[in-house]
Structure formats: structure tokens, C-alpha cells
Amino acid sequence: MSRAIAAVQTPGRRRRSEGKRAAILEAAEALFLAEGYERASVDAIAGRAQVSKRTVYDHFGDKGTVFLRVIERAHNAVVDTIRSAIDEELAQGRDLREALTAFGQRVVTQAFPSSDYVTFRRLTSQRWAIPQLDEATRDRPERMLEARFAALVAEGEIRAADPGLAARHFTALTISLALETLDVRGDAEAGEPEILAIVADGVDVFLRAYR
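If you're wondering where the values come from, they're calculated on a predicted model, not measured in any experiment.

J.: What's the story with the pattern of salt bridges in this structure? I'm lost.
T.: Side-chain pairs of opposite charge can arise whenever the charged atoms involved come near each other. Evaluation of the coordinates by the stated rule reveals 13 salt bridges. For lysine 53, the salt bridge identified is with aspartate 43, shortest N-O distance 3.5 Å. Within this pair, whereas lysine 53 is found in helix 3 (residues 53-60), its partner aspartate 43 is found in helix 2 (residues 42-49), the two being separated by 10 residues in sequence. Here lysine 53 falls in the partly exposed class, since its relative accessible area comes to 35%. Residue aspartate 43 is classed as partly exposed on the basis of its relative accessible area of 49%. Where aspartate 204 meets arginine 97, a salt bridge forms, and the shortest distance between an N and an O atom there is 2.2 Å. Taken as a pair, aspartate 204 in helix 10 (residues 192-210) and arginine 97 in helix 5 (residues 96-111) lie far apart in primary sequence, 107 residues in all. In this structure arginine 97 comes out as partly exposed when scored by relative accessible area, which is 38%. One network of salt bridges, with partners in common, ties together Glu88, Glu89, Arg94, Glu98 and Arg106.

This is how it looks when you write it as C-alpha cells:
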């Protein structure tokens, strides 16, 4: 086969390869959620994805890497949601109380209920000795929020010697407390008005400390 013909076929092969990779990740996610990391086998992942076991190994190397790519995919989707919330809700020039409240409530109502967040949380909370994301990847949302809080300090919107600590305090008073309430009470008991009120109250407490 000539190089010219091979070059023409390369995009098609690339699409097929990407399709197989996506199918493997979809199959692996379903099995990891249903059976856990230890019980989900590469054979089962290959069978569900309708590819050969060799294809799974060619794309990912081993089951641990498949698992990491699954949780990375879910984590990246959550990060994108939070990045959009930071960019759009914590925009420069917006009233700070309104901005912080809108940001916290958006994260609680959009990021938490998303299938990506649920998947990420369920997979990373398994009790088995499972592969973990590296700290730099795992902490991306916190670092993004810290950067925006540093900008708020520079703009004179808040007073904080340590913007990272201020961001963690904000998260603890709003988003983390709302998540804790959801975990303890359950979706059926903790209604959205209550969760939104937790965020708004947390913003009030935060601003009394940092303004």
C-alpha cells in the first residue's frame, strides 16, 4: 500500500480508533459502577464494548489505566462546569454578594446533580485499593477558585492575606455544607430551596469575615 493511500485512510482509522476508545470507556464506567473496580475484569469490559481484549490493552495498557481514564473523563466534565461558573458568575464588576451567591448555587444545582459528578464521586469513594488521580489533577477546581479569589483581593473586593484559605473558607461555608446536607438528608428530604438558602447564608457569613 502506498504512502498516499495510507495517508488518505488515516483519518478513517483514527475515527474508528477513537470510537473504540470511547466504547471502552463507556463500558468500563458502567462495569466499575455496577461491580466495583476489583470485580470488573478487562474481559468483561472488552465484551461490553464489543472489542477484543487486545484492543483494550492496546489503548490503555491495563485495567488501572482504564479506571483512571474513566474518572479523569468525569472529573474533566465537572471541572468544565465549575470553570464556566467561575467565568460567568464571578465576573469582574458584578456585585460581590450576588456573584458569590450565584456561583455557589450554580455549582450546587448543576455540578452536584450531574451524572459526571455522581460517577466521579461513586468511583473515587470505593473502599478497594483503587488507582487515584494525582493531586494536581484532583485539585484543579480549588486552584481555579483560588486564582479568582486572588483577583478579588487585587480588585479590593475582599480582604485576605491568603486567597487560597479564603477560597477554602468560602467553599466550606457554602458548597461543602450544601453537599453535606444532601448526603445526610438525601435528595428527597433536602429540597432545592433549603440548599440554595444554605449557600446564601454561607455567603453572608463569608462576607462578614472577609470584607
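J.: What should I look at first to understand the packing of helix 4 (residues 63-89) against helix 6 (residues 115-124) in this one?
T.: Helices that pack against each other are described as a pair by the angle of their axes relative to one another and the distance between those axes. In the contact formed by helix 4 and helix 6, the axes pass within 8 Å of each other and the chain directions differ by 140°. By the angle between their directions, the pair helix 4 and helix 6 is classed as oblique. Like other packed secondary-structure pairs, helix 4 and helix 6 cross with a definite hand, here left-handed. The residues of helix 6 that touch helix 4, namely those facing Phe67, Val70, Ile71, Ala74, His75, Ala77 and Val78, are Asp116, Tyr117, Thr119, Phe120, Leu123 and Thr124.

Calculation criteria
Residues numbered from 1 in each chain as written. Predicted model: local features only at pLDDT ≥ 70, side-chain atom pairs only at ≥ 80, totals over all residues. Heavy atoms only, no water. Salt bridge = Lys/Arg side-chain N within 4 Å of Asp/Glu carboxyl O. Helix = DSSP H or I, 4+ residues; strand = E, 2+ residues; numbered from the N terminus. Buried < 20%, exposed > 50% of the residue type's maximum accessible area, 1.4 Å probe, protein only. Axes fitted to C-alpha atoms, helices over the stretch in contact; angles between N-to-C directions. Parallel < 35°, antiparallel > 145°, perpendicular 65-115°, else oblique. Left-handed = near helix turned anticlockwise from the far one by under 90°. Contact = heavy atoms within 4.5 Å.

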